[in-house]
Amino acid sequence: MSDLDKLGWRPFFQQQLGAEELAACYPARIAQIHRNHCVIWSSRGEQRLDVGVFPDPGNLAVGDWLLMPAAGERPVRMLTRQTKLARKESGHGTDEQLIAANVDTLFIVTSCNEDFNLARIERYLALASGAGVTPVIILTKADLVDDVAPFKTAARQLHPEVAIECVDARNAEQLALLRPWCTTGKTVALVGSSGVGKSTLINNLAEAQQATAAARAGDNKGRHTTTSRSLHPLKDGGMLVDTPGMREFQLAAGAQNIEDAFAEVSALLGHCKFNDCRHQGEAGCAIQAAIASGALDARRWQSYLTLRAEQQSSPSPAARASATPSAGPRSKPVRKGPRPPRQTDED
């Protein structure tokens, strides 16, 4: 088994390389992104690159694969991503903010206390669905409640086919439940709000030591300990992308498909009596009938509408690209030093 296999290299990336590139270059994976530099891993070990060598530093994500020249430090190109996790940038902006690239599984981490929030889990499920990434819901801090069953039942109702694991992040035997997604060649990403136990999970799943902080007295909410995205080797052979706790998370417009995350809603759409039904009380509305009968949870319907509205609130990447002038000279603003990647400026 090669070092590249351990980093997550696979035929999808190998097929992007021609014979000449294979002879003159080598692949490397982005492991860390900082304000002015990034760290890459390859069969040659660890290297540090100034972000100024990239034409668009804002398009870098932890997990990306680069093609590096055998001699020199300027990347030849970035390989096409197999998957991409992104959100809408925080605040009132409409740009896409990258979370991670080339991820196979998304561990959605939430704790069995006041942090447990169905709407937040739905957002992460929609994120995974749109990216073509397998979601796994991980319930932590079960010791804080008398019975974990209600939390598992509530999470199960969001998507019957999604795996749900309840673990004590400090218990190696329980963490073995996560092994199927953590083996050699696979990459997982962790998402969740601050203080749900992500750093403790990393400390016991990966060959790394993350800072941890105890929950605050009074509300059982943890403190923010992870401040940037980074790649970690897993003890079972795979790779893990850690992410900071995100206080604000909105779906990137045009990038995510929420239909799979709301299967029961999707099954009803298109079955109303009238094709132009707005689902607001019209006769023969399948949605309202399902809500009235209890077949569809009214909260789920409102959550679906909220996420769909977020998707449609800004132009898609293709629309933004088509609106950008493609010909003719354009003056560029003077900038002092390289532009830092957006995704490291965590809100």
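The rules behind the values
Residues numbered from 1 in each chain as written. Predicted model: local features only at pLDDT ≥ 70, side-chain atom pairs only at ≥ 80, totals over all residues. Heavy atoms only, no water. Helix = DSSP H or I, 4+ residues; strand = E, 2+ residues; numbered from the N terminus. Buried < 20%, exposed > 50% of the residue type's maximum accessible area, 1.4 Å probe, protein only. Contact = heavy atoms within 4.5 Å. Axes fitted to C-alpha atoms, helices over the stretch in contact; angles between N-to-C directions. Parallel < 35°, antiparallel > 145°, perpendicular 65-115°, else oblique. Left-handed = near helix turned anticlockwise from the far one by under 90°. Salt bridge = Lys/Arg side-chain N within 4 Å of Asp/Glu carboxyl O. Phe/Tyr/Trp six-rings, centres within 6.5 Å; stacked < 30°, edge-to-face > 60°. Pairing = 2+ DSSP bridges. pLDDT = per-residue confidence, 0-100.

Undergrad: Run through the overall build of the chain, naming residues and quoting values.
TA: Each helix and strand in the chain was counted, giving 11 helices and 14 strands. Counting every position in the chain, which comprises 347 residues, the buried fraction comes to 47%. A separation threshold of at least 6 residues defines the contact pool for the chain, and within that pool the share at least 24 residues apart is 66%.

Undergrad: Before we move on, can you summarise the packing of helix α4 (residues 118–131) against helix α10 (residues 298–311) with the specific residues and values?
TA: Contact pair α4 / α10: the axes reach a minimum separation of 11 Å and the direction vectors enclose 50°. Relative to α10, α4 is oriented oblique. For the pair α4 and α10, the sense of crossing is right-handed. Touching Leu118, Ala119, Glu122, Arg123 and Ala126 of α4 are Arg299, Arg300, Ser303, Thr306, Leu307 and Glu310, all from α10.

Undergrad: Go over the pattern of salt bridges with me, naming the residues and quoting the values.
TA: Opposite charge on two side chains makes pairing possible when the charged atoms of those side chains draw close. Going through the model one piece at a time under the given rule, you end up with eight salt bridges. Where Arg81 meets Asp64, a salt bridge forms, and the shortest distance between an N and an O atom there is 2.7 Å. Pair noted here: Arg81 is in the loop between β5 (77–78) and β6 (84–88) and Asp64 is in the loop between β3 (45–50) and β4 (65–69), with a separation of 17 residues, a long-range link. Asp64 shares its class with Arg81; the two are buried. Between Arg300 and Glu122 there is a salt bridge, with its nearest N and O atoms 2.8 Å apart. With Arg300 in helix α10 and Glu122 in helix α4, this residue pair connects regions lying 178 residues apart in the sequence. Comparing Arg300 with Glu122, the two get one shared label, buried. Each of Glu122, Glu264, Arg299 and Arg300 takes part in a single network of salt bridges with overlapping partners.

Undergrad: Provide a residue-level description of the side chain of Ser111, including the pertinent values.
TA: As for its position among the elements, Ser111 is in strand β8 (residues 105–111). The exposure class of Ser111 is buried, given its relative accessible area of 1%. Once residues within four sequence positions are removed from consideration, Ser111 is found in contact with Phe116, Thr140, Lys141 and Val196.

Undergrad: Provide a residue-level description of the packing of aromatic side chains, including the pertinent values.
TA: Scanning the entire structure with this criterion turns up eight aromatic pairs. Ring centres of Phe107 and Trp181 lie 6.2 Å apart, and the angle between their planes is 90°; this geometry places the pair in the edge-to-face category. Remark: Trp181 occurs in the loop between α6 (172–175) and β11 (187–191) and Phe107 occurs in strand β8; sequence separation between them is 74 residues. The exposure class of Phe107 is buried, given its relative accessible area of 0%. The buried category is assigned to Trp181, whose relative accessible area is 17%. Note on Trp301 and Tyr304: the rings are 5.6 Å apart at their centroids and 15° apart in plane angle, and the pair reads as stacked.

Undergrad: I'd like a description of the pairing of strand β13 (residues 239–242), backed by residues and values.
TA: Residue alternation in β13 divides its side chains into two sets, Met239 and Val241 and Leu240 and Asp242, and both sets are buried. Pairing analysis gives three bridges linking β11 to β13, with the strands arranged parallel. Across the sheet, residue Thr187 finds its bridge partner in β13, namely Met239. Where strand β12 (residues 230–233) hands over to β13, the hairpin turn is made up of five residues, of which Gly237 adopts a positive phi near 110°.

Undergrad: An account of the confidence of the model for the chain is needed here, citing residue identities and associated values.
TA: Caution is warranted with low-pLDDT regions, since their predicted coordinates should not be read in detail. For the chain, per-residue confidence averages 80 on the pLDDT scale, and residues scoring 70 or more make up 78% of the total. Contacts for the low-pLDDT stretch residues 211–227, under 50 throughout, to residues beyond four places or in other chains number 37 contacts. The low-confidence segment residues 317–347, where pLDDT is below 50, has 48 contacts with residues more than four positions distant or belonging to other chains.

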